[in-house]
Amino acid sequence: LNDAPGLASAYNNIGMIHQQLANYPLALEAYLSALRINETLGDQRNVGVNIGNVSNIYYYLGDMDRSFEYDQRSLDLARASNNTYGTAHALEAIATHYKARGAFDEATHALTDALEIFSTLGEKRYAAATHIKLGSVHELQKKSKKALEHYATAASMALSIKRHDLHAQALLCKGAI
């Protein structure tokens, strides 16, 4: 068969299986195969998915620089294709890198931009999760009042959409301060 999209999807699925099994080198190999095929096909949506998957594997392997490069590439691709949802998720991934490096202002900026997008899209689940992430960045900076505000907003938002997992996470973070 000459089913390149199907083959790319199969490689991506194989990558997910290896990722779940913590067999990261084989997951990376599969995700990179899917990425190469989707790039050849010009399938920008799946290229974005593949780039995110590759970034995650590099992160799990401890190669933070390469993971960051792929997240930046994901952000550039999402912005170029006017994919606001993908832009928000890429910003969150980039914020994780900034937070780990202690670049809290950059992390806050990226998360604030992601929050604005999720709020505009009406994605309360992701907005609540982003409030929790913003709270954790403020908490690391010893800005307890701002952290508590984000955790409280996340808890309220999560409760309004019956996302008890996020509600509990927000309350746990709030209680830890």
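Further up the page is the structure itself.
Residues numbered from 1 in each chain as written. Predicted model: local features only at pLDDT ≥ 70, side-chain atom pairs only at ≥ 80, totals over all residues. Heavy atoms only, no water.

Undergrad: Describe in detail the environment of Asp76, supporting the description with residues and values.
TA: By the element assignment, Asp76 lies in helix 4 (residues 64-80). Classification of Asp76 by relative accessible area gives partly exposed; the value is 43%. Taking the C-alpha atoms as reference points, Asp76 and Thr87, 11 residues apart in sequence, are found 8.1 Å from one another. (Helix = DSSP H or I, 4+ residues; strand = E, 2+ residues; numbered from the N terminus. Buried < 20%, exposed > 50% of the residue type's maximum accessible area, 1.4 Å probe, protein only.)

Undergrad: Residues and numbers for the packing of helix 5 (residues 84-101) against helix 7 (residues 124-140), please.
TA: Two elements in contact, helix 5 and helix 7, have axes separated by 12 Å at closest approach and are oriented at 20°. Our classification of the angle between helix 5 and helix 7 gives roughly parallel. Considering how the two elements wind past one another, helix 5 and helix 7 form a crossing that is left-handed. Contacts between helix 5 and helix 7 involve Tyr85, His89, Glu92 and Lys99 from the former and Tyr126, Thr130, Lys133, Ser136, Val137 and Leu140 from the latter. When the residues that make up the contact of helix 5 with helix 7 are grouped by side-chain class, the tally is 4 nonpolar, 3 polar and 3 charged. (Axes fitted to C-alpha atoms, helices over the stretch in contact; angles between N-to-C directions. Parallel < 35°, antiparallel > 145°, perpendicular 65-115°, else oblique. Left-handed = near helix turned anticlockwise from the far one by under 90°. Contact = heavy atoms within 4.5 Å. Nonpolar A, V, L, I, M, F, W, Y, C, P; charged D, E, K, R; others polar.)

Undergrad: Lay out the packing of aromatic side chains with the relevant residues and their values.
TA: Here the structure, examined in full by the defined rule, presents 7 aromatic pairs. Measuring from centroid to centroid gives 6.4 Å for Tyr85 and Phe118, while their planes differ by 75°, and the two rings are edge-to-face. Of this pair, Tyr85 sits in helix 5 while Phe118 sits in helix 6 (residues 104-121), and the two are 33 residues apart along the sequence. With a relative accessible area of 34%, Tyr85 lands in the partly exposed category. When its relative accessible area of 0% is taken as the criterion, Phe118 is described as buried. Three or more aromatic residues joined by ring pairs form one cluster here, namely Tyr24, Tyr59 and Tyr60. The residue whose ring lies beneath Arg101 is Phe68, and the NZ or CZ to ring-centre distance is 4.4 Å. (Phe/Tyr/Trp six-rings, centres within 6.5 Å; stacked < 30°, edge-to-face > 60°. Lys NZ or Arg CZ within 6 Å of the ring centre and 35° of its normal.)

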